[in-house]
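The residues making up each chain are set out below.
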Amino acid sequence: MIIDTTEVQTINSFSTSGFFKEKEKISAAIQQRIGPEYAGPLGILQAIADGTKLLLKEDLLPSRGDIRLFSVGPSIAVISVLLSYLVIPFGYRLVLADLGIGVFLWIAISSIAPIGLLMSGYGSNNKYSFSGGLRAAAQSISYEIPLTLCVLSNSLRLEIGRNDQVVLPYDSDLDSSTVDIVEAQSKYGFWGWNLWRQPIGFLVFLISSLAECERLPFDLPEAEEELVAGYQTEYSGIKYALFYLASYLNLLVSSLFVTVLYLGGWNFSIPYIPIPELFRINQMAGIFGMTIDIFITLAKAYLFLFISITTRWTLPRMRIDQLLNLGWKFLLPISLGNLLLTTSSQLVSL
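This is a predicted model, so every value here is computed, not measured.

> Please provide a residue-by-residue account of the environment of Phe 104, values included.
Secondary-structure assignment places Phe 104 in helix α5 (residues 102-110). For Phe 104 and Thr 178, which are 74 residues apart along the polypeptide, the C-alpha to C-alpha distance reads 9.9 Å.

> Can you explain the UniProt feature "transmembrane region" (unreviewed entry) in the chain? Please cite residues and give values.
Taking the UniProt record as the reference, the feature "transmembrane region" (unreviewed entry) is found at residues 67-88, 94-119, 241-264, 284-309 and 330-348. Taken end to end, residues 94-119 is 62% helix and 0% strand, and its first and last C-alpha atoms sit 35 Å apart. A distance of 27 Å separates the end C-alpha atoms of residues 330-348, which is 100% helix and 0% strand.

> Quick rundown of the packing of helix α6 (residues 113-123) against helix α7 (residues 127-156)? Include the residues and the values.
At a minimum axis separation of 7 Å, α6 and α7 run at an interaxial angle of 165 degrees. What the angle tells us is that α6 and α7 run roughly antiparallel. Of the two possible hands of crossing, α6 and α7 adopt the one that is left-handed. Touching Pro 114, Leu 117, Leu 118, Gly 121 and Tyr 122 of α6 are Ser 129, Phe 130, Gly 133, Leu 134, Ala 136, Ala 137 and Ser 140, all from α7.

> Please provide a residue-by-residue account of unusual backbone geometry, values included.
The backbone phi angle of Asn 125 is positive, close to 55 degrees, even though this residue is not glycine. Along the chain, Asn 125 falls in the loop between α6 and α7.

> Would you mind going over the packing of aromatic side chains in detail, with residue names and values included?
How two aromatic rings sit relative to each other is set out by the distance from centre to centre and by the angle between their planes. If you walk through the whole model with that rule in mind, you get 11 aromatic pairs. Here the aromatic rings of Trp 106 and Phe 257 are separated by 4.0 Å at their centres, their planes lie at 15 degrees, and the arrangement is stacked. One end of the pair, Trp 106, is in helix α5; the other, Phe 257, is in helix α13 (residues 237-262), and 151 residues separate them in sequence. Of the two residues examined, Trp 106 and Phe 257, each falls in the buried class. Taken together, a centroid distance of 5.2 Å and an interplanar angle of 55 degrees make the contact between Tyr 240 and Tyr 244 tilted. Taken together, the residues Tyr 240 and Tyr 244, both in helix α13 and 4 residues apart, mark about one turn of the helix. Tyr 244 gets classed as partly exposed once you look at its relative accessible area, which sits at 26%. Pairwise contacts between aromatic rings join Trp 106, Phe 202, Phe 205, Phe 257 and Tyr 262 into one cluster.

> Describe the pattern of salt bridges, listing the residues and the values that go with them.
Across all of its chains, the model carries 2 salt bridges by this definition. The partner of Asp 59 in a salt bridge is Lys 239, and the shortest N-O contact between them spans 2.4 Å. Within this pair, whereas Asp 59 is found in the loop between α3 (46-56) and α4 (67-83), its partner Lys 239 is found in helix α13, the two being separated by 180 residues in sequence. Between Asp 321 and Arg 319 there is a salt bridge whose closest N-O contact spans 3.0 Å. The exposure class of Asp 321 is partly exposed, given its relative accessible area of 34%. Taking relative accessible area as the criterion, Arg 319 reaches 46% and is therefore assigned partly exposed.

> Talk me through the environment of Ile 207; I want residue IDs and the actual numbers.
Positionally, Ile 207 belongs in helix α11 (residues 199-212). The sequence separation of Ile 207 and Leu 147 amounts to 60 residues, and the corresponding C-alpha distance is 8.8 Å.

How each quantity is defined
- Residues numbered from 1 in each chain as written.
- Predicted model: local features only at pLDDT ≥ 70, side-chain atom pairs only at ≥ 80, totals over all residues.
- Heavy atoms only, no water.
- Helix = DSSP H or I, 4+ residues; strand = E, 2+ residues; numbered from the N terminus.
- UniProt positions renumbered as here; feature names shortened; annotations may be inferred.
- Axes fitted to C-alpha atoms, helices over the stretch in contact; angles between N-to-C directions.
- Parallel < 35°, antiparallel > 145°, perpendicular 65-115°, else oblique.
- Left-handed = near helix turned anticlockwise from the far one by under 90°.
- Contact = heavy atoms within 4.5 Å.
- Phe/Tyr/Trp six-rings, centres within 6.5 Å; stacked < 30°, edge-to-face > 60°.
- Buried < 20%, exposed > 50% of the residue type's maximum accessible area, 1.4 Å probe, protein only.
- Salt bridge = Lys/Arg side-chain N within 4 Å of Asp/Glu carboxyl O.

What follows is the structure, given as C-alpha cells:
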C-alpha cells in the first residue's frame, strides 16, 4: 500500500489545527482523519446540514407496531431532558427554579427518559429494538444508584463549605439546592471546589454520567454491531433526530451538573482574592456580571463535553456483562463507601 506524503501532511496539519470546531472536526482530529469539508467553510455547517436532512426525510411507521407508543417515545426522551434545565444555575440569579430538592429533582426527571426508550423499543414490534430498550432500562437503573449516592454525599457536605459547622440531616432538612451547592464552594475559591473534597465521588459521578447519557464505552442500548441500531432501528426522519437531540442535550445537562456539583459553578476565584473584585466587575453593570457568570459556567461544562467526546472516539465499547458488573459490583460499593466516609467525617468533626 502506497501512502501519498501530501495526504499524510494534510492529516497531520489538520490534527494540530484549531481547537474550537464542531464535534465532527474534533473527532476527525482525534482519529487523525479528514473530517467534513464541503458543508460550509471547513465543514462548520455539517451539523446544520445533518439536521436539515433528517427534518426533510420521510417519517416511516412500522405497519404492525404500536403507533402511539412508537410516536410518544422520542417525545418523552426529549421532554424529560429539557425539564432538567429548570434547576441548572448559570449565575447567582440565573436559574428558572431554585428548589431545595433541585439536584434530586434532576435525578427523578432523568429517570423518566428510559421509559420513553422502552416504549419506543416495544412499539416498534422489532426484537432488536425491544432488546435495545431493555438494555437502556437496565443500564439506567444500574448507574442511577451510584450517581444518586454521589449527589447525596455532596449534599451532606453542603453546610461545611458555607460555614465552619456541620449540619446533619436530623438537625435540619437536607438541602440540595443547586445555587446553595455553588455558593458553599465559593468561600475558599479554587480550593473550595467539591472536586478536592469529594474526589472519589467526582470520578464515580463522571463515569455514571457517561453511562446515563449512553456514551461510549457505555452505548450498549444503541450498539450498531450487536443490535443493528437498538431502539432506533425502525425510526427515521424527525423522530430519529429527536433521539440524538435528547442524547446530546442530556450530555450537556450532565456537564452542567458536574460544573455545579464539583467545579464551583459560575465561581472562579483565587483563594481570598475573588476574581470579580480584582477586575472591578461588581461595580459594572449587572448584565455584564451575568454574562461573565454564564461564560464561566459554559467554559467549565465545555471541558467535560470535550472529555466525553474524546472518550467516545478513543475507547472501545464494553460488553453488556462488563457494563453491569462495573455498575453493580464496582461503582455501587465505592459510592456507598464514599457516603459512609463522608458521614463519618462529619461525626468525627462534631
